[in-house]
Amino acid sequence: MPAFREKVEDLIRKEKLIRPGMRVVVGVSGGADSVALLSVLKELAPSFSLDIYAAHLNHLLREEAVEDAAFVQEFARSLHIPVAVGYARVAYLACEHQMSIEEAGRWARYRFLRYAARRFGAQRIAVGHHLGDQVETVIFNFLRGAGPAGIAGIPVQNRGVVRPLLGVTREEIEDYCRFRGLTWCTDVTNLATDYRRNRIRVELLPYLRQYFNPQVDRAITQLADIISQENAFFDVLAAVLLDELAEEGMHGQFNVSLGKFLSFPLALQRRLLRKVIRRKGEGLKDIGYQNYNDCLSFLEESRPGGELHLPHGLRLVKGSRYFTVLKTSPKRSTWKEVYRILEVPGETMIPELGVSISAKIRPYRDFPDQSFYFLPENYQVCFDYDKINLPLFVRTRRDGDRIRPFGLEGTKKLKKLFNDLKISSHQRDCVPLVVSDDEIHWVVGYRRGAAAPVTAKTKQVLLLQAHCKKQNRKRSIDTET
């Protein structure tokens, strides 16, 4: 269908989503939207001189997921497109980090897609969100009381992720697939009404179309477009104003002029406050409308010298002329050093850290285009058994520890890795490390080392799985739309 291809190409050019000569990883679930996206980008590849790659993540939630992965692999092969397949224990992630299944799945997908982009050397990640997804997202955010950023909906591009199908409907996608003779997988959970977003799609939107506005989808996307542009403008304005209001204080504090801040309209105060909080690196998750109102009331009404506590250990501190946001300093850890041999194969209990680690040796199944990749947060990792140095040991951190992170050049201080991952000081002494000959192979639950990767030449795979016996750490996870 030329019209479908033209719509996609027009959006790519209008929004400058992809530049000529780029490598693009396409997230392919096997559904109609991702199948259409992979196909149409393959068609457009000569026009943009693109190299296209596919990536599929098995969430390990459904028995049919294995069939979906096989379908994606076969479809990618038919288009002569390399494909990477990964695995994520999404249900475990949701439980461990107190997230919904939807949030955990979304977070795991983007982590895997960014891994695939690094593996293929891609500059862009393309995902199959379409106009219908935009409508559902705006309604979902509206119902939970979101601000302008939420009502703006799904961005057409952010942080290297592009969405070329945001200008087409689900019906247009399926028509294109039929026209091209493409089949797709249907995830029956998308039709279930036990997820709030699904209920919007299955129950609320049909009701709105029938009784209020047959063109409600277009009306909502127009609203999202207007709010998105205005939100972007005011966000830039707030950034400029913040540079004028703030100055660096002692110990890296970011001090904001209190008098000037309070002279601005309430709408700008909220935006400025969001930016000040975001600078602490904790994100804005769990900081909602009431938190902002409490902060603004505190800054306007309380006496200098007080402080207001916020989620993630943040503190809003008010002085006579300035205010700042600080991170609460944790108490010094009292964990003792742990060091013991890891049974291979077998299971090793480490009660001091509330974890056990099982080691299994499995034959490698020859899938030349399949990636043996597990999200590090799944607490499982694979190595080439014949290439890893044995014996393996489990221990806690030591001064001067360094790691060769998988997929990166050179080594990195473990302390720097912990800083980058925002692991608090009091948690670092209870993170298990799998090592041999003092080389760190696995920072359990966080990062894999570079040694002994699984390749097509691998004969035996060493699978390590960590099982938490108690929740000795808790992290907040920023999710992407």
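Reference entry: report on the structure contained in this document. Nothing here was measured: the structure is a model prediction, and the numbers come from that model.

**Considering the sheet that holds strand E8 (residues 254–257)**
Turning to step 1, where the next piece is worked out: In space, the five strands of this open sheet follow the order E7-E8-E11-E10-E9, with antiparallel pairing throughout. Pairing within the sheet leaves two strands with one partner each, and these edge strands are strand E7 (246–248) and strand E9 (307–310). Between one strand axis and the next, the sheet turns by 25° as a mean value, whatever way the strands run.
Turning to step 2, where the next piece is worked out: Looking at chain direction, E7 and E8 are connected through three bridges and run antiparallel. Across the sheet, the residue bridging to glutamate 247 is asparagine 255, located in E8.
Turning to step 3, where the next piece is worked out: In the packing of helix H12 (residues 266–278) onto the sheet, the strands contacted are E8, E9, strand E10 (314–318) and strand E11 (322–327), and the crossing angle to E11 comes to about 40°.

**Quick look at the packing of aromatic side chains**
Turning to step 1, where the next piece is worked out: This model, assessed by the stated rule, comprises 10 aromatic pairs.
Turning to step 2, where the next piece is worked out: A ring pair is formed by tyrosine 53 and phenylalanine 120, whose centres lie 4.5 Å apart and whose planes are at 15°; its orientation type is stacked. With tyrosine 53 in strand E2 (residues 51–58) and phenylalanine 120 in helix H5 (residues 101–120), this residue pair connects regions lying 67 residues apart in the sequence.
Turning to step 3, where the next piece is worked out: Between phenylalanine 71 and phenylalanine 75, the ring centres sit 6.3 Å apart and the planes meet at 10°, which makes this aromatic pair stacked.

**Description of the pairing of E8**
Turning to step 1, where the next piece is worked out: In E8, alternate side chains face the same way, and those of Phe254 and Val256 on one face and Asn255 and Ser257 on the other are all buried.
Turning to step 2, where the next piece is worked out: When E8 meets E11, the two strands line up antiparallel, connected through two bridges. If you follow serine 257 over to E11, its bridge partner there is tyrosine 322.

**Description of the packing of helix H1 (residues 2–15) against helix H2 (residues 32–48)**
Turning to step 1, where the next piece is worked out: Direction vectors running N to C along H1 and H2 enclose 65°, while the axes themselves pass 11 Å from each other. Judged by the inter-axis angle, H1 sits roughly perpendicular to H2. Both H1 and H2 take part in a crossing whose hand is right-handed. Packed against H1, whose contacting residues are Phe4, Arg5, Val8, Glu9, Ile12 and Arg13, the element H2 presents Ala36, Val40, Leu41, Glu43, Leu44, Ser47 and Phe48 at the interface.

About the thresholds
- Residues numbered from 1 in each chain as written.
- Predicted model: local features only at pLDDT ≥ 70, side-chain atom pairs only at ≥ 80, totals over all residues.
- Heavy atoms only, no water.
- Pairing = 2+ DSSP bridges.
- Helix = DSSP H or I, 4+ residues; strand = E, 2+ residues; numbered from the N terminus.
- Axes fitted to C-alpha atoms, helices over the stretch in contact; angles between N-to-C directions.
- Contact = heavy atoms within 4.5 Å.
- Phe/Tyr/Trp six-rings, centres within 6.5 Å; stacked < 30°, edge-to-face > 60°.
- Buried < 20%, exposed > 50% of the residue type's maximum accessible area, 1.4 Å probe, protein only.
- Parallel < 35°, antiparallel > 145°, perpendicular 65-115°, else oblique.
- Left-handed = near helix turned anticlockwise from the far one by under 90°.

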